[in-house]
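Working through the structure, step by step
Read off the chains here:
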Amino acid sequence: MTYAPNQLSIRSDDGYPTRLDEPMGNIARHCPVVHATPEQRQAGPLDEQELAAFEERGFLWFDSFFEADDIEPFFDELSAMERDPELTGSDKVITDPVSGAIRSVFGMHELSERFDRLTRSPRLLKIVEQLLGGGVYVHQSRINDKAGFQGSGFDWHSDFETWHAEDGMPGMRALSVSLMLTDNGEFNGPLMLVPGSHRQFVPTVGRTPDQNWETSLKAQHIGVPTREQLGPIIEQQGIEAPKGPAGSILLFDCNALHASNSNLSPWPRSNLFFVYNSVDNRLVTPFGAKSPRPEHLAARERTPALG
């Protein structure tokens, strides 16, 4: 395998060095959490209490943001995708490392006009644009699926660590919107977050192998904090797992530590993720990889702002 050079020696512009040869301490965040101007804060749609909660905790939950009836038609389209041999054989589809079932499908907004319209929901976009302080585009979209009794989990990680190291995202001016396509309950592997963890960056050790994404999307080993790093943060700040019915949404900061357990219940868990990045935070040369990931994982072309 070919590895990227040590970033500390070649990227003097890197405020968040990671994928290092030797461990280093956590780095205090030097990007705002809420990027709205005073005028944007006043204009809404989030009020000051909600903005303060996002700044403090790094995530917001909206119960039943969309009606369950609005979500139901997506399952027919997903079923059709599962029967499409050209799609299931492409690198946009990631299978579960244990069961072999479909685990993730990337580029959902490009595969489906219905999903694309969802990313442009005016009510949702106004919230995202307020938090990120202006125009946004879709950096990545995907569905994460956990079948009953067999859906594998995801280790603790910060999305920004990967997007910074492997995609070249300069700063923390991005967020994820997770739409619950099924009920997310206590037992079917809901997303867990560490409140407040977005306020510090956790550098990781281990250089990025060539085409790391080919294996990391099934089981991530590079870019994952150690137990020694995670322990004190979680002990101090705790873990929360927002849960609710289909149609609910979770917005979380790009640097929030999160994970999920395996689904040991008979109830499937399907969540759709849209990652929005500020048009003023477009990707540059990766900070910790030899070459950038494919376009369906990280939009690098001149994608126009939504809205």
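Residues numbered from 1 in each chain as written. Predicted model: local features only at pLDDT ≥ 70, side-chain atom pairs only at ≥ 80, totals over all residues. Heavy atoms only, no water.

Within the fold, Phe106 resides in strand β4 (residues 102-106). Judged by its relative accessible area of 4%, Phe106 is buried. Distance from Phe106 to Phe273, taken between C-alpha atoms, is 9.4 Å for residues 167 residues apart in sequence. (Helix = DSSP H or I, 4+ residues; strand = E, 2+ residues; numbered from the N terminus. Buried < 20%, exposed > 50% of the residue type's maximum accessible area, 1.4 Å probe, protein only.)

What follows is about the environment of Arg123. Positionally, Arg123 belongs in helix α9 (residues 122-132). When its relative accessible area of 46% is taken as the criterion, Arg123 is described as partly exposed. Discounting residues that sit within four places of it in the chain, Arg123 has contacts with Phe65 and Phe66. (Contact = heavy atoms within 4.5 Å.)

Tallied over the entire structure, the rule returns six aromatic pairs. Their ring planes at 75° and their centres at 5.0 Å tell us that Phe65 and Phe66 sit as a pair that is edge-to-face. Plain terms: the ring middles of Phe160 and Phe201 are 6.0 Å apart, the flat faces sit at 80° to each other, and that makes the pair edge-to-face. In this pair, Phe160 sits in helix α10 (residues 159-167) while Phe201 sits in strand β9 (residues 200-201), placing the two residues 41 residues apart along the sequence. Comparing Phe160 with Phe201, the two get one shared label, buried. Connected via pairs of aromatic rings, a cluster forms that spans Tyr16, Phe160 and Phe201. The ring of Phe65 carries the charged tip of Arg123 above its face, separated from the ring centre by 3.8 Å. In this structure, Arg282 is placed above the aromatic ring of Tyr137, and the distance from its NZ or CZ to the ring centre is 4.6 Å. (Phe/Tyr/Trp six-rings, centres within 6.5 Å; stacked < 30°, edge-to-face > 60°. Lys NZ or Arg CZ within 6 Å of the ring centre and 35° of its normal.)

A few words now on the pattern of salt bridges. In total, this model carries twelve salt bridges according to the counting rule given. A salt bridge links Arg19 to Glu161, with the shortest nitrogen-to-oxygen separation between them at 2.7 Å. Note that Arg19 is positioned in the loop between α1 (7-10) and β1 (27-28) and Glu161 in helix α10, a separation of 142 residues in sequence. Accessibility assignment for this pair places Arg19 and Glu161 in one class, buried. A salt bridge links Glu166 to Arg19, with the shortest nitrogen-to-oxygen separation between them at 3.0 Å. Here Glu166, found in helix α10, pairs with Arg19, found in the loop between α1 and β1; they are 147 residues apart in sequence, far enough to count as distant. Within this structure, Arg19, Glu161 and Glu166 form a network of salt bridges that share partners. (Salt bridge = Lys/Arg side-chain N within 4 Å of Asp/Glu carboxyl O.)

This part takes up the confidence of the model for the protein chain. Across the protein chain, the average pLDDT comes to 88, with 93% of residues at or above 70. Under a pLDDT of 50 for its full length, residues 1-10 has, in the predicted model, 26 contacts with residues more than four places off or in other chains. (pLDDT = per-residue confidence, 0-100.)

Turning our eyes to something else, we now look at α10. Taking burial as the measure, the nine residues of α10 include nine buried ones, the bulk of the element. The opening residue of α10 is Ser158, an N-cap whose side-chain oxygen sits 3.3 Å from the backbone nitrogen of Phe160. Note on α10: the residue one or two positions beyond its end, Gly168, has a positive phi of about 85°. (Polar contact = N/O pair within 3.5 Å; in protein donor to acceptor, adjacent residues only side chain to side chain.)

A separate point is the nonpolar core. Most often, soluble globular proteins have nonpolar side chains that are buried together. Ranked by size, the top nonpolar core spans 39 residues in total, and within it Leu131, Leu175, Ile249, Leu272 and Tyr276 carry the most contacts. Element by element, the count of residues in this core is highest for α9, at six residues. Setting aside chain neighbours within four positions, we find Leu175 in contact with Phe54, Val128, Leu131, Leu132, Leu251, Phe252, Asp253, Cys254, Phe274, Val275 and Tyr276. If you look at the next biggest cluster of nonpolar residues, it comprises 15 residues, including Tyr16, Ile27, Phe201 and Ala299. (Core = buried A, V, L, I, M, F, W, Y, C linked by side-chain atoms within 4.5 Å.)

Looking now at the pairing of β4. Of all the five residues making up β4, four are buried; the element is thus mostly covered by neighbouring parts of the structure. Bridge analysis of β4 against strand β5 (residues 136-146) gives three bridges, and the strand direction is antiparallel. Among the inter-strand pairings, Ser104 is bridged to a residue of β5, identified as Asn144. (Pairing = 2+ DSSP bridges.)

With respect to topology, seven strands assemble into an open sheet ordered β2-β10-β7-β12-β5-β4-β3, the strand pairing being antiparallel. Looking at strand neighbours, the two that pair on one side only are β2 (59-62) and β3 (93-95), the edges of this open sheet. Shown here is a sheet whose adjacent strand axes are inclined to one another by a mean of 15°, direction ignored. Looking at chain direction, strand β7 (residues 174-180) and strand β10 (residues 249-253) are connected through five bridges and run antiparallel. Bridging across to β10, Ser178 finds its partner in Leu250. (Axes fitted to C-alpha atoms, helices over the stretch in contact; angles between N-to-C directions.)

Attention now moves to the sheet that holds strand β6 (residues 154-157). With respect to topology, three strands assemble into an open sheet ordered β6-β11-β8, the strand pairing being antiparallel. Each end of this open sheet is capped by a strand with a single partner; those strands are β6 and β8 (191-193). Neighbour-to-neighbour, the strand axes of the sheet open up by a mean angle of 25°, direction not taken into account.

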